Amino acid sequence: MNFFLDSADIREIRDLADSGLISGVTTNPSLITKSGQEIKKVIAEICSIVEGPISAEVTATTYPEMMQEAAVLTQISEQVTIKVPLTFDGLKACKTLSDQGTMVNVTLCFSATQALLAARAGAAFISPFLGRLDDISMDGLQLIRDIRLIYDNYPEIETAILAASVRHPYHVLEVAKIGADVVTLPGKTFRQLYNHPLTDQGLEAFLKDWKTTGQTIL
Ligand code: G3P
């Protein structure tokens with residue numbers, strides 16, 4: 001499973017991408033707004049930091065305008081993946097852009113049948129939103145299970161399942177067990193994956209013992 005960052009915070013992206021473990025970045029209009037930067041500038045900067053697909057979302061709601069916005073966003077870099085909402089016009093834009101060879105991430109997916117349509121439209125990624133389903137007492141993980149099952153029934157489907165709206169490490173563990181292709185994480189959740197109090201305590205004890213030897217490795 002690949003790890004993407006779900007962020008438009010340049011400092012955070014730079015910091016975490018330094019690990020070499022980040023394979024892409026997803027943004028959305030809310031994250032761009034939070035960054036306080038102009039969309040084209042922030043997407044270009046992210047492309048210069050992280051190798052791999054960088055999702056930039058259209059804000060138009062009609063097919064012709066989505067296509068116009070996609071034309072502007074794809075100019076930024078070959079890495080740009082156009083993110084479209086899972087609406088009729090979004091699916092139409094996905095089909096046209098995918099046929100033209102542009103990678104598309106279909107977002108705001110809340111049902112497996114929506115995911116099936118996105119695959120039919122040639123999406124490179126489908127983004128089911130786990131956390132937002134959990135927020136309304138529905139089972140976000142079941143949606144990922146259903147999509148995995150359906151996609152695996154049709155080997156010709158090449159759409160990658162990109163688990164989104166991930167809120168905590170348990171979501172990451174479970175989507176990995178289900179077989180999501182990618183998980184996109186806020187910086188906080190990525191850090192939670194490696195931080196563990198027993199690791200910190202163990203390291204402290206090792207270093208304390210080591211100090212008593214007076215040895216150095218270098
Ligand atoms: O980028 C899409 C998705 O990951 C948003 O997550 O936490 O706003 O539901 P969230």
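What you see as residue numbers is a count from 1 along each chain, following the sequence as written. Only residues with pLDDT of 70 or above have their local features reported here, since the model is predicted, and side-chain atom pairs are shown and tallied only from 80 upward, although totals for entire chains, interfaces and linings are computed over all residues. Note that water and hydrogens are dropped before the side-chain values are worked out from all heavy atoms of the structure.

Asker: Looking at this structure, I do not really get the sheet that holds strand E7 (residues 160-163). What am I missing?
Answerer: The strands making up a sheet associate through backbone hydrogen bonding, with each pair oriented either parallel or antiparallel. A pair of strands is labelled paired if DSSP reports no fewer than 2 bridges between them. Numbering goes from the N terminus for both helices and strands, where a helix is a DSSP run of H or I of at least four residues and a strand is a run of E of at least two. The eight strands lie next to each other as E1-E2-E3-E4-E5-E6-E7-E8, forming a closed barrel whose pairing is parallel. Geometrically, the sheet is characterised by an average inter-axis angle of 30° between neighbouring strands, direction not taken into account. The pairing of strand E5 (residues 104-109) with strand E6 (residues 125-128) spans three bridges and is parallel. Considered in E6, the bridge of Cys109 is made with Pro128. Working rule for contacts: check all heavy atoms of both residues, and any pair within 4.5 Å makes them a contact. As a rule, the C-alpha atoms of each element are fitted with a line to give its axis, helices using only the stretch in contact, and angles between N-to-C directions run from 0 to 180 degrees. Across the sheet, helix H5 (residues 88-99) touches strand E4 (80-85) and E5, and the angle it forms with E4 is around 155°. In this fold helix H10 (residues 187-194) packs onto strand E1 (2-6) and strand E8 (182-185), with an angle of close to 110° to the strand it touches most, E8.

Asker: Explanation requested: the pattern of salt bridges in the structure shown.
Answerer: Pairs can form between side chains of opposite charge whenever their charged atoms are close. Salt bridge criterion: a side-chain nitrogen from Lys or Arg within 4 Å of a carboxyl oxygen from Asp or Glu. In total, this model carries nine salt bridges according to the counting rule given. Residue Glu45 is joined to Arg14 by a salt bridge in which the shortest nitrogen-to-oxygen separation is 3.6 Å. Here the residue Glu45 occupies a position in helix H3 (residues 39-49), and Arg14 occupies one in helix H1 (residues 10-17), the gap between them amounting to 31 residues. Between Asp152 and Arg148 there is a salt bridge, with the nearest N and O atoms lying 3.2 Å from each other. Of this pair, Asp152 and Arg148 both sit in helix H8 (residues 140-153), separated by four residues, roughly a single helical turn. Residue burial is assigned from relative accessible area. The probe radius is 1.4 Å, only protein chains are included, and a residue is buried under 20% of its type maximum, exposed over 50%, and partly exposed in between. Given the relative accessible area of 14%, Arg148 is considered buried.

Asker: Is there a simple way to explain the environment of Glu204 in this structure?
Answerer: Along the chain, Glu204 turns up in helix H11 (residues 197-213). Separated by 125 residues in the primary sequence, Glu204 and Gln79 place their C-alpha atoms 42 Å from one another.

Asker: Where do I start with the site of the ligand in this structure?
Answerer: Near is defined per residue: the residue qualifies when any heavy atom it owns lies within 4 Å of the molecule or strand. Near the ligand you find Asp6, Asn28, Lys83, Phe129, Arg132, Ala164, Ser165 and Arg167, and these make up its full shell. Any pair of N or O atoms that falls within 3.5 Å is considered a polar contact. Within protein, one atom must be able to donate a hydrogen and the other to accept it, and sequence-neighbouring residues count only if both atoms are side-chain atoms. Within the side chain of Lys83, one N or O atom sits 3.4 Å away from an oxygen atom of the ligand. Between the ligand and Arg132, the relevant distance is 2.7 Å, taken from an oxygen atom to a side-chain nitrogen or oxygen of the residue. When the ligand is considered free in solution it has 310 Å² of accessible area, and contact with the protein chains removes 83% of it. Asp, Glu, Lys and Arg are counted as charged, while Ala, Val, Leu, Ile, Met, Phe, Trp, Tyr, Cys and Pro are counted as nonpolar; the rest, among them Gly, fall into the polar class. Its residues placed into classes, the shell around the ligand shows two nonpolar, two polar and four charged. Note on areas: Shrake-Rupley with a 1.4 Å probe; residue coverage comes only from the protein chains shown.

Asker: Is there a simple way to think about the pairing of E4 in this case?
Answerer: Working note: regular strand, side chains alternate between the two faces of the sheet. Burial runs high along E4: six of the six residues are buried. The side-chain alternation of E4 yields two buried faces, one formed by Val80, Ile82 and Val84 and the other by Thr81, Lys83 and Pro85. Pairing of strand E3 (residues 54-57) with E4 involves four bridges; the strand directions are parallel. Across the sheet, Glu57 pairs through a bridge with Lys83, a residue of E4. Summarising the sheet, E4 and E5 pair through four bridges and their orientation is parallel. Note on E5: the bridge partner recorded for Pro85 is Thr107. Assignment of crossover handedness uses the view with strands pointing away from the viewer, where a clockwise path from the first strand over the helix to the second indicates a right-handed crossover. In this fold, the crossover linking E4 to E5 by way of H5 has right-handed handedness.

Asker: When you look at the nonpolar core in this model, what are you seeing that I'm missing?
Answerer: Nonpolar side chains tend toward joint burial in soluble globular proteins. Core analysis: the biggest nonpolar cluster contains 58 residues, and Val106 and Ile126 have the highest contact counts within it. Among the elements that line this core, the one with the most residues is H8, at five residues. Setting aside its immediate chain neighbours within four residues, Ile126 contacts Leu86, Asn105, Val106, Cys109, Ala115, Ala118, Tyr151, Thr159, Ala160, Ile161 and Leu162. The definition of a nonpolar core used throughout is a set of buried Ala, Val, Leu, Ile, Met, Phe, Trp, Tyr and Cys residues joined through side-chain atoms within 4.5 Å. Of all hydrophobic cores here, the second largest spans seven residues; its members include Phe4, Phe125, Phe129 and Leu162.

Asker: Help me out: how do you make sense of a nonpolar patch on the surface in this one?
Answerer: A patch consists of residues exposed above 30% relative accessible area that lack any salt bridge, with like charges linked at up to 9 Å and nonpolar side chains (Val, Leu, Ile, Met, Phe, Trp, Tyr) linked at up to 5 Å. Judged by side-chain polarity, Leu203, Phe206 and Leu207 come together as a nonpolar surface patch covering roughly 350 Å² of accessible area. Tracing the chain through its elements places Leu203 in helix H11.

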